[in-house]
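One letter stands for each residue in the lines below.
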Amino acid sequence: MLLFIHGVYRIVAGGVTPFGGFLDSVGLPFGLAIAWVLTIAEVVGAPLLAFGVWTRVIALWFIAELIAGIILVHGREGWFVVGGGRNGVEYSVALILALASIALSEQRHRSRETLAA
């Protein structure tokens, strides 16, 4: 649900337009549209993930989103989010590992169902 809160906060705080501007500034076309797609994906996808709906697809989507965030923002800031640095990759990496675990466990669950059938 952390990604849900991230998306909701972006909407409530008026951060979608600035995020779109940032995406434009790094050379992505249609930055505002991408910002809205990512924000809506967080707001809608996180609860679906929590309820076990489309878990593998949503987990992989969020992994891709977080990797893009590392490439565009967090990677140049180093490892630490706080303490030894600021705005680094450690939190994104932790979320990626958790989401990868969800995606892989969904695959293992499906494999067991196939074997049982």
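Residues numbered from 1 in each chain as written. Predicted model: local features only at pLDDT ≥ 70, side-chain atom pairs only at ≥ 80, totals over all residues. Heavy atoms only, no water.

Draft legend 1. Geometry of the overall build of the chain. In terms of regular secondary structure, the chain is built from five helices and zero strands. For the chain, the N- to C-terminal ordering of α and β elements is α-α-α-α-α. For the chain, the proportion of its 117 residues judged to be buried stands at 29%. Contacts spanning at least 24 positions in sequence make up 47% of the contacts within the chain whose residues lie at least 6 apart. As presented, the chain carries roughly 7,500 Å² of accessible surface, and 72% of it is formed by carbon and sulfur atoms. (Helix = DSSP H or I, 4+ residues; strand = E, 2+ residues; numbered from the N terminus. Buried < 20%, exposed > 50% of the residue type's maximum accessible area, 1.4 Å probe, protein only. Contact = heavy atoms within 4.5 Å. Areas by Shrake-Rupley, 256 points an atom, 1.4 Å probe, with all protein chains shown as cover.)

Draft legend 2. The packing of helix 1 (residues 2–12) against helix 3 (residues 31–50), seen in detail. Axis separation between helix 1 and helix 3 bottoms out at 7 Å; the angle between their running directions is 135°. Judged by the inter-axis angle, helix 1 sits oblique to helix 3. The two elements helix 1 and helix 3 cross, and the hand of that crossing is left-handed. Contacts between helix 1 and helix 3 involve Leu-3, Phe-4, His-6, Gly-7, Val-8, Arg-10 and Ile-11 from the former and Ala-35, Trp-36, Leu-38, Thr-39, Glu-42, Val-43, Ala-46 and Pro-47 from the latter. Along the lines of polarity and charge, the residues of the contact of helix 1 with helix 3 split into 10 nonpolar, three polar and two charged. (Axes fitted to C-alpha atoms, helices over the stretch in contact; angles between N-to-C directions. Parallel < 35°, antiparallel > 145°, perpendicular 65-115°, else oblique. Left-handed = near helix turned anticlockwise from the far one by under 90°. Nonpolar A, V, L, I, M, F, W, Y, C, P; charged D, E, K, R; others polar.)

Draft legend 3. Highlighting the packing of helix 2 (residues 16–25) against helix 3. Close contact between helix 2 and helix 3 brings their axes to 7 Å; oriented N to C, the two are set at 125°. When the axes of helix 2 and helix 3 are compared, the pair comes out oblique. In terms of crossing hand, the pair formed by helix 2 and helix 3 is right-handed. Within the contact between the two elements, helix 2 uses Val-16, Thr-17, Phe-19, Gly-20, Leu-23 and Asp-24 and helix 3 uses Gly-31, Leu-32, Ile-34, Ala-35, Trp-36, Leu-38 and Thr-39.

Draft legend 4. Looking closely at the nonpolar core. If you look at the biggest cluster of nonpolar residues, it comprises 14 residues, and the most contacted ones within it are Leu-3, Leu-49, Ala-59, Phe-62, Leu-66, Ile-96 and Leu-99. Elements supplying a minimum of two residues to this core: helix 3, helix 4 (55–74) and helix 5 (90–116). Of the residues forming this core, the biggest block, six residues, is contributed by helix 4. When neighbours within four sequence positions are excluded, Leu-49 is seen to be in contact with Thr-55, Ile-58, Ala-59, Phe-62, Leu-99 and Ile-102. (Core = buried A, V, L, I, M, F, W, Y, C linked by side-chain atoms within 4.5 Å.)

These figures capture arrangement, not role.
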